[in-house]
Number of protein chains: 4
Amino acid sequence: MGRVHSQAWRSVGAFYDLPVRPALAALAGRSRDHAVAAARRFGWAAVESDWKDLIDRDDVAIVDVCTPGDSHAEIAIAALTAGKHVLCEKPLANTVAEAEAMAAAARSAAARGVRSMVAFNYRRVPAVALARRLVADGRLGEIRHVRAIYLQDWLVDPEHPLVWRLRRDKAGSGALGDIGAHVVDTVAFVTGQQVTGVSALTETFVNERPLPDAPGTGAVTVDDAALFIGRLTGGALASFEATRYATGRKNSLRLEINGSLGSLSFDFEAMNELWFHDATLPGAEGGFRKIIVTDPGHPYLDAWWPPGHGLGYEHTFTHEVRDFLAAIAAEEDPTPSFEDGLRVQQVLAAVERSAAEESRWTAV
Amino acid sequence: MGRVHSQAWRSVGAFYDLPVRPALAALAGRSRDHAVAAARRFGWAAVESDWKDLIDRDDVAIVDVCTPGDSHAEIAIAALTAGKHVLCEKPLANTVAEAEAMAAAARSAAARGVRSMVAFNYRRVPAVALARRLVADGRLGEIRHVRAIYLQDWLVDPEHPLVWRLRRDKAGSGALGDIGAHVVDTVAFVTGQQVTGVSALTETFVNERPLPDAPGTGAVTVDDAALFIGRLTGGALASFEATRYATGRKNSLRLEINGSLGSLSFDFEAMNELWFHDATLPGAEGGFRKIIVTDPGHPYLDAWWPPGHGLGYEHTFTHEVRDFLAAIAAEEDPTPSFEDGLRVQQVLAAVERSAAEESRWTAV
Amino acid sequence: MGRVHSQAWRSVGAFYDLPVRPALAALAGRSRDHAVAAARRFGWAAVESDWKDLIDRDDVAIVDVCTPGDSHAEIAIAALTAGKHVLCEKPLANTVAEAEAMAAAARSAAARGVRSMVAFNYRRVPAVALARRLVADGRLGEIRHVRAIYLQDWLVDPEHPLVWRLRRDKAGSGALGDIGAHVVDTVAFVTGQQVTGVSALTETFVNERPLPDAPGTGAVTVDDAALFIGRLTGGALASFEATRYATGRKNSLRLEINGSLGSLSFDFEAMNELWFHDATLPGAEGGFRKIIVTDPGHPYLDAWWPPGHGLGYEHTFTHEVRDFLAAIAAEEDPTPSFEDGLRVQQVLAAVERSAAEESRWTAV
Amino acid sequence: MGRVHSQAWRSVGAFYDLPVRPALAALAGRSRDHAVAAARRFGWAAVESDWKDLIDRDDVAIVDVCTPGDSHAEIAIAALTAGKHVLCEKPLANTVAEAEAMAAAARSAAARGVRSMVAFNYRRVPAVALARRLVADGRLGEIRHVRAIYLQDWLVDPEHPLVWRLRRDKAGSGALGDIGAHVVDTVAFVTGQQVTGVSALTETFVNERPLPDAPGTGAVTVDDAALFIGRLTGGALASFEATRYATGRKNSLRLEINGSLGSLSFDFEAMNELWFHDATLPGAEGGFRKIIVTDPGHPYLDAWWPPGHGLGYEHTFTHEVRDFLAAIAAEEDPTPSFEDGLRVQQVLAAVERSAAEESRWTAV
């Protein structure tokens, strides 16, 4: 995460006209050696081995929190309190309580002109932003169905070690919080609606894995997969899935939406494409249209290359920091806010409660 | 349904070498005029206006039941009792009780050498049969995930009339029984596993529709869409969806299965294609393979055209009657049996109960 | 070919309302045993072992010529002279001279109300017919580019025997006449334009193959592949290719057309899909639209199944005989005419001349 | 071009471990104001308004030539003579004579340890590099067919102004040199074979266009499209096309190769995907496999993100400068060499001669 954030901060000013151009002031990392190496590689001017020292620096106006979820609340709240704008990786926190504290801190900071944003970078995929625009413009009509799934396969191998993402104390949850959070947020972003309740199943397929830095094995304490159905505020039926066991699916964040006037379909594995069906066209000509989202008129695309010269994963972060900087300069609150991050956290918590109670319907 | 069944009976003997070749003896229909016209068109030798007369005929050895679901039980049981082999359209019945009675009748008939089969024709899509073969051969390993959805859009228009499929008394249920039944059966067929329990949501988006043959409107008394999650006997997580409101999706029966050794993906809108990921190949060469299921080595394909000359919807029925006739000649019980049909019915009933009780987990 | 034609004749009346309904009067085949078996299988009422006897029959009004190309001219001309309507398989003939004689016979027959048609069945793929409709309606504007290729792979295996299609005396040419003829005709059909000249390459990759019915090998005397570029009457640039060595491509007849207002793309391996780009839509929404050509408003589709229930290769022949019968009943000349078949033959001849003379530009 | 090259030079050291890390010393541009703005934006330390001054600088070890083609020879030869390593944009030159002079200069410079490379960046698409690896490893067997086309549509609008790329004096040729050069080089790279001769057609569809910086119109003096067929050194048949009039195709560089053991297919509009058919697998499992080329084992991918997190157009340049720097450090000649660029130029010249002489076969 640090690498791609660094690249975004370094590159954004070369492509977007910004009222302020960021300088890479200082990088904090617990291992000073690693931090020094990373700083040299990415062009950070200084290094701190304690994040508190970073917050104390006068030459730091923005803090970008890329740590595991268990430290988000402490760092972000301290930074906001110190008057630093904060961009915080997702999920916002490991618990609803932490997320609530962060949202409260963000509200209070906003009153003082200090901005905060949670880094749901998939909102900044141009095709996803175009999807939102089409929905907001009413092109789908009333939304009836949403399917949002996020498939990876990096845990299919039972010998994959017990990294921090597989430990509840560090990561909060497993596939649910890591990638399920993304699809929950993406649905909220694209539809403008919230999940009102869920019925959920979770599963851990492999319970013991080799320790990453010692002999022996340890217990996997998070979900490997989460599957849930729910309803949105507008009445749509929605299904969600997050798994790291979808053999052959590398990073397949898929969204399909059916409305009374049209439909949309997206898969991050083909991130420059959005499929749009416009049911208001004559039926005999109707079909899902593969929009290659690389035209100057598409979201974020005015800054880049000629049509058909696609963007990559990296650029979602470039767009993210662009929007964050633009909001700071405009003295506006950027989105997704910590409040948005809290709402995602509340959905994740409802999913875990439902799964723990035989998939009982659980209001969010 | 009658048209495509008739075409299958007429065509099967021209393409498959069968121990018996069917003759189209008689067609029964409540409207004699319609039946006479249909018989002339499709080559049925005689016409009856009461199905009971059909069963009484000596020249009828097989009864193919294509009526709405509310009459399946009565007709099928009578035919079996009279010693006629029975092919019955899906869903097997409108209630579990009826399906149980039919399964009992089928067991009893089988003991007398009288065969029965429920017409889940999607089992006879060559790509679906190939999927089953790959799973049965262990090519997917342990199955972890199943996604099975069936999307249509013919009810998006609120002016679509209140046809019999939208009335509970005739159809039993809506999208759930009509197309949800297909995906439940297809999952059972391909995985060889059963659904053990579900949490479900159902919805009726448009509650009043124009009457088809009178002024005014009437109440839609079935579901427009059903969404449910569950588990399979082998431990996999499974999600299901059936809807007639998926704008732009015409007949998208989709199946995706992820196992420890591989994955499969299928969409009936491209019915001659099966996507297969073999995770045992070297990683750098790995990918979902688009198998065009038209080779002589593929299921059912030895009878047809050169490779790449695809089949259509119609041929799933040709394959179905071929298998039915082959089983009769071999004095074996064909599949899917009425027992299989009953199991599907039990899943549908569990879905309806769960949906009625706030998506409570409901064992099948 | 005989199988699929027979099935079309048997089925057409069951699906289309026709002023006349065909009866399968008699089948001619040099091997009486084979003919008897085929007649029984497909329901032909009688058998002849000499095609001349077939033409003499009073109960035969239509002759459908499915023999290899070297006998087309003799049979078709005799049948037309005898007052029989003639449907003749493609390519129309093995030489331009034969095709000219056939076209002359057809003109003369037409004056007497006797109809003829060449069986370029791919015109009757609904997606191809829809493509023509879009072009004819001006939806593509001025056509600039056409790419028409036909890829198969059944000769990749050097052990494939020396069947009649690989012998010049029987087949006239190789991939060029067998499948290249189809793409030349399809371009003429969809664009309404003719090829005005070509530069061509042909190649035979494997020169000796096992004899099919004797020990030893024999010489391949036809092309394995043909590649040519040309211009259309309207000024478009066009490229063509036909090969039986495109490993992994089973029956990939592909067409792509770019015009000033839009584009089309088609591949027979997904025969129910037509891709259409409408450049008059706002740019940010533009994209190739996958039209699933199964709606009642699509060509030929009013007779078949609900949307999304695809057709197969077989149905192109059902449509073909439907159109032929409709034209006969309407006392109109059906298309493609023998004149159309002659034009294709002239293109093929120009390709062969060009290839023989170092790909010299050769006017058609 | 300057923007994407700058971004590559700035980013390469952050992702790849390089023996030398580039510093952005100086940017030359005829307009000092533009150059200053660009330098500030992309981090170039200094600015020159004459490229000769750039070459004179002691702090410049590498010259990256991004000017229109008419100045490539002069600049590149001067830089090589001055002992600077040279990366030169494609096409190498506007004429064969210039390209020959450049190749001679490159040979002479190489003898002194001065390196040169032509910037055919599509070689550095990971999927294209993987295609080459598969061919080089013999996975395709003997190559029989190559189809290489490059489709854009930015000239469909007749009001698009007469930019320098449409003037022969600046650009040498039109679609042929701009994008046709890419596909010619890509074929050479992937197959390891050269074009031995061609038959060609070129066309200019719109002959007058608005002047970009003055009232009135001017003549388009280059081709809008080029279409040619040829043979490769190994005997394969090859077809090529380059056009800026393929409505709806934004940047569709497509390559399809059929060999005796397998096939490959690629389209830059989905740049992270390579389709591979392995004909040595059992036939019933065969199919084109969509390899998502984002795994650590794929070319260039060890430096980037987790699997499934795709790259963009920009990264082809990052890879290009990485390889260039690595070759300089290793004291090896990088590829594609100026000799490779010359060979492409010879093919383009043969195409133009053939097109001028009625598509006569023209040896390269």
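Just so you know, these numbers come straight off a predicted model, no measurement behind them.

Overview of the relation of the copies chain A and chain B
Between the two copies of this chain, the relationship is a rotation about some axis together with a displacement along it.
Link 1 in the chain: Each copy of the sequence occupies a distinct position, and chain A is placed on chain B by a rotation of 180° and an axial shift of 0.0 Å, giving an RMSD of 0.0 Å. Such a combination of turn and shift is consistent with a two-fold rotation axis. Of every C-alpha in chain A, the one belonging to A:Arg360 sits nearest the axis of rotation, 2.7 Å from it.
Link 2 in the chain: The fraction of interface residues of chain A whose copies in chain B are also interface residues reaches 100%, indicating that both copies meet through the same surface.

With respect to the interface of chain C and chain A
Interfaces are often sized by the amount of accessible area the parts lose when they come together.
Link 1 in the chain: Contact residues are listed per partner, giving 20 residues for chain C and 19 residues for chain A.
Link 2 in the chain: In total, about 1,300 Å² of surface goes out of reach between chain C and chain A, with carbon and sulfur atoms giving 47% of it.
Link 3 in the chain: The largest per-residue losses of area from chain C upon contact with chain A belong to C:Ala284, C:Glu285 and C:Arg289, which jointly make up 44% of the total buried on that side.
Link 4 in the chain: The tally of links from chain C across to chain A stands at four salt bridges.
Link 5 in the chain: Salt-bridge contacts for C:Glu285 lead to A:Arg139; the nearest nitrogen and oxygen are separated by 2.4 Å.
Link 6 in the chain: On the surface where chain C and chain A come into contact, there are eight residue pairs in polar contact (both at pLDDT 80 or more).

What about the sheet that holds strand β5 (residues 116-118) of chain C?
Residue and element names in this part refer to chain C.
Link 1 in the chain: As summarised here, the arrangement of the three strands in space is β3-β4-β5, forming an open sheet in which the pairing is parallel. Edge positions in the sheet fall to β3 (62-65) and β5, since each of these pairs with one other strand and no more. Each adjacent strand pair in this sheet contributes to an overall mean axis angle of 10°, direction not counted.
Link 2 in the chain: Note: β3 against strand β4 (residues 85-88), four bridges, orientation parallel. Bridge assignment links Val65 to a residue of β4, and that residue is Cys88.

Remarks on the domain arrangement of chain A
Residues and elements named next belong to chain A.
Link 1 in the chain: Partitioning chain A into structural domains gives domain 1 (2-121) and domain 2 (123-356).
Link 2 in the chain: Computed from C-alpha coordinates alone, the two centres of domain 1 and domain 2 are separated by 23 Å.
Link 3 in the chain: If you look at the interface, domain 1 gives 44 residues, while domain 2 gives 47 residues.
Link 4 in the chain: Summed over both sides, the interface between domain 1 and domain 2 buries roughly 4,100 Å², with carbon and sulfur atoms accounting for 70% of that surface.
Link 5 in the chain: Looking only at domain 1, the three residues that lose the most surface to domain 2 are Tyr16, Phe120 and Asn121, adding up to 21% of its buried area.
Link 6 in the chain: Here domain 1 is connected to domain 2 by four salt bridges.
Link 7 in the chain: The salt bridge partner of Asp178 is Lys90, with a shortest N-O separation of 3.3 Å.
Link 8 in the chain: Sorting the residues of the side of domain 1 that touches domain 2 by element identifies α1 (2-15), α4 (72-81), β4 (85-88), α5 (96-111) and β5 (116-118) as the ones contributing at least two each.
Link 9 in the chain: Counting residues per element, the side of domain 1 that touches domain 2 draws most heavily on α5, at eight residues.

Procedures and definitions
- Residues numbered from 1 in each chain as written.
- Chains lettered and ligands numbered in written order.
- Predicted model: local features only at pLDDT ≥ 70, side-chain atom pairs only at ≥ 80, totals over all residues.
- Heavy atoms only, no water.
- Least-squares fit on C-alpha atoms with pLDDT ≥ 70 in both.
- Contact = heavy atoms within 4.5 Å.
- Buried area = accessible area lost by both parts, 1.4 Å probe.
- Salt bridge = Lys/Arg side-chain N within 4 Å of Asp/Glu carboxyl O.
- Polar contact = N/O pair within 3.5 Å; in protein donor to acceptor, adjacent residues only side chain to side chain.
- Pairing = 2+ DSSP bridges.
- Helix = DSSP H or I, 4+ residues; strand = E, 2+ residues; numbered from the N terminus.
- Axes fitted to C-alpha atoms, helices over the stretch in contact; angles between N-to-C directions.
- Domains from an automatic or database assignment.

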